[in-house]
Amino acid sequence: MRYEAVIFDLDGTLLNTIEDLKNATNHALAAFGYPPRTTEEMKHFVGRGIRYMMTCAVPNGESNPQFEDILAAFYPYYEAHCQDLTAPYHGITPLLSHLKAAGVKTAVVTNKVQNAAEILVHDLFPDITLVIGDSPAVKRKPAPDGVWLALEKLGVKKENAAYVGDSDIDYATAKNASLPCLSVLWGFRTKEELTACGADTFFETPEELDTYLLS
């Protein structure tokens, strides 16, 4: 067993959330007469929180005089539909079960809004009891605050923990928190994109990550 604790990103790491995020975004855009965004576009918008995502999705971003209203239209729709198409990546549920059985502590640190993150993790990953999402109380990633708070609550030193994520934001978060970053390739970024930001430890499948963590 390599680590006492493993901190996970959520979107693109544990869960494939992209279609529900896209549908909620397009619902909000359509309400104000704007054209929809594609799945591939959305993959590059996510990772820095909902406001950043919508800044990318809305024409002219925050300069658009309707931006705040479009953003406000996103939240209730997404909360009501955040599990329509969202599901764990194949192999994630066994991975989390194996970590729990081995005594490895786990948590989620995400830029997803706290309430939505809690709903998804509670319903889909009962083995994870600690969720730190986007809220006024904690700086969002790539600031290390959420990771450090998670480790404090888990009672684990950073020297005995790792961070798992799928994006450049996750790599920067791990680096800022002084944790090794284990970058997964089944999420929203390519290996080339991750390599360009400095990532150098990659996993093609949850099964491969499982073997690494528990060896």
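Scope of this entry: the structure provided in the associated data block.

Cut-offs applied
Residues numbered from 1 in each chain as written. Predicted model: local features only at pLDDT ≥ 70, side-chain atom pairs only at ≥ 80, totals over all residues. Heavy atoms only, no water. Helix = DSSP H or I, 4+ residues; strand = E, 2+ residues; numbered from the N terminus. Rg over C-alpha atoms; globule rule 2.2 N^0.38 Å. Buried < 20%, exposed > 50% of the residue type's maximum accessible area, 1.4 Å probe, protein only. Contact = heavy atoms within 4.5 Å. Axes fitted to C-alpha atoms, helices over the stretch in contact; angles between N-to-C directions. Parallel < 35°, antiparallel > 145°, perpendicular 65-115°, else oblique. Nonpolar A, V, L, I, M, F, W, Y, C, P; charged D, E, K, R; others polar. Pairing = 2+ DSSP bridges. Expected span 1.5 Å × (residues − 1). Phe/Tyr/Trp six-rings, centres within 6.5 Å; stacked < 30°, edge-to-face > 60°. Lys NZ or Arg CZ within 6 Å of the ring centre and 35° of its normal. Core = buried A, V, L, I, M, F, W, Y, C linked by side-chain atoms within 4.5 Å. Polar contact = N/O pair within 3.5 Å; in protein donor to acceptor, adjacent residues only side chain to side chain.

## Notes on the overall build of the protein chain
Next, step 1: Within the protein chain, the secondary structure is distributed over 10 helices and 8 strands.
Next, step 2: At 17 Å, the protein chain has a C-alpha radius of gyration in line with the 17 Å of a compact globule built from 215 residues.
Next, step 3: When the backbone C-alpha atoms are referred to their principal axes, the protein chain occupies close to 55 × 35 × 30 Å.
Next, step 4: Here the protein chain holds 215 residues, and the buried ones make up 51% of them.
Next, step 5: In the protein chain, the proportion of contacts linking residues at least 24 apart, taken out of those at least 6 apart, comes to 65%.

## Quick look at the packing of helix H5 (residues 92-101) against helix H10 (residues 206-214)
Packed helices, taken two at a time, are described by the angle between their axes plus the distance between the axes.
Next, step 1: Between H5 and H10, whose axes approach to 9 Å, the crossing angle comes to 10 degrees. When the axes of H5 and H10 are compared, the pair comes out roughly parallel. Between H5, through Ile92, Pro94, Leu95, His98 and Leu99, and H10, the contact on the second element is made entirely by Pro206, Leu209, Asp210, Leu213 and Leu214.
Next, step 2: Taken together, the residues that form the contact of H5 with H10 break down as 8 nonpolar, 1 polar and 1 charged.

## Quick look at the sheet that holds strand E7 (residues 181-184)
Backbone hydrogen bonds are what pair the strands of a sheet, in a parallel or an antiparallel way.
Next, step 1: Pairing is parallel across the open sheet formed by 6 strands, whose spatial order is E5-E4-E1-E6-E7-E8. What marks the edges here is a single partner per strand, and that holds for strand E5 (131-134) and strand E8 (202-203).

## Remarks on helix H1 (residues 18-31)
Next, step 1: Its 14 residues give H1 an end-to-end C-alpha distance of 20 Å, which sits within 8% of 20 Å, the value for a rise of 1.5 Å per residue.
Next, step 2: Within H1 the residues assigned to the buried category are Ile18, Asp20, Leu21, Lys22, Ala24, Thr25, Asn26, Ala28 and Leu29.
Next, step 3: Of the surrounding elements, those touching the buried residues of H1 are strand E2 (15-16), helix H2 (39-45), helix H3 (50-57), helix H4 (67-81) and strand E4 (105-113).

## Some details on the packing of aromatic side chains
Next, step 1: In total, this model carries 3 aromatic pairs according to the counting rule given.
Next, step 2: Relative to Tyr75, the ring of Phe74 lies with its centre 5.7 Å away and its plane at 85 degrees, an arrangement referred to as edge-to-face.
Next, step 3: Judged by relative accessible area, Tyr75 falls into the partly exposed class, the value being 33%.
Next, step 4: Each residue in the set Phe74, Tyr75 and Tyr78 is aromatic and connected to the rest through ring pairs, giving one cluster.
Next, step 5: Across from the ring centre of Tyr52, 5.6 Å away, lies the NZ or CZ of Arg48, which sits over that ring.

## Focus on the nonpolar core
Next, step 1: Formed by 49 residues in total, the largest nonpolar core has its most connected members in Phe8, Met53, Met54, Phe74, Phe125 and Leu209.
Next, step 2: Examining the composition of this core, we find that 6 residues originate from one element, H4, more than from any other.
Next, step 3: Here Phe74 is in contact with Leu21, Ala24, Thr25, Ala28, Ile50, Met53 and Met54, once residues within four sequence places are set aside.
Next, step 4: In terms of nonpolar packing, the next biggest core, distinct from the first, is built from 23 residues, Val156, Tyr171, Ala174 and Leu185 among them.

## Observations regarding the environment of Arg189
Next, step 1: Structurally, Arg189 can be placed in the loop between E7 and helix H9 (191-197).
Next, step 2: For the pair Arg189 and His44, spaced 145 residues apart in sequence, the C-alpha to C-alpha distance is 7.8 Å.
Next, step 3: Residues within four places of Arg189 in sequence aside, it is in contact with Lys43, His44, Val46, Asp166, Ser167, Asp168 and Leu194.
Next, step 4: Within polar-contact distance, the side chain of Arg189 engages the backbone oxygen of Lys43 at 2.5 Å.
Next, step 5: A distance of 3.1 Å separates a polar side-chain atom of Arg189 from the backbone oxygen of Val46.

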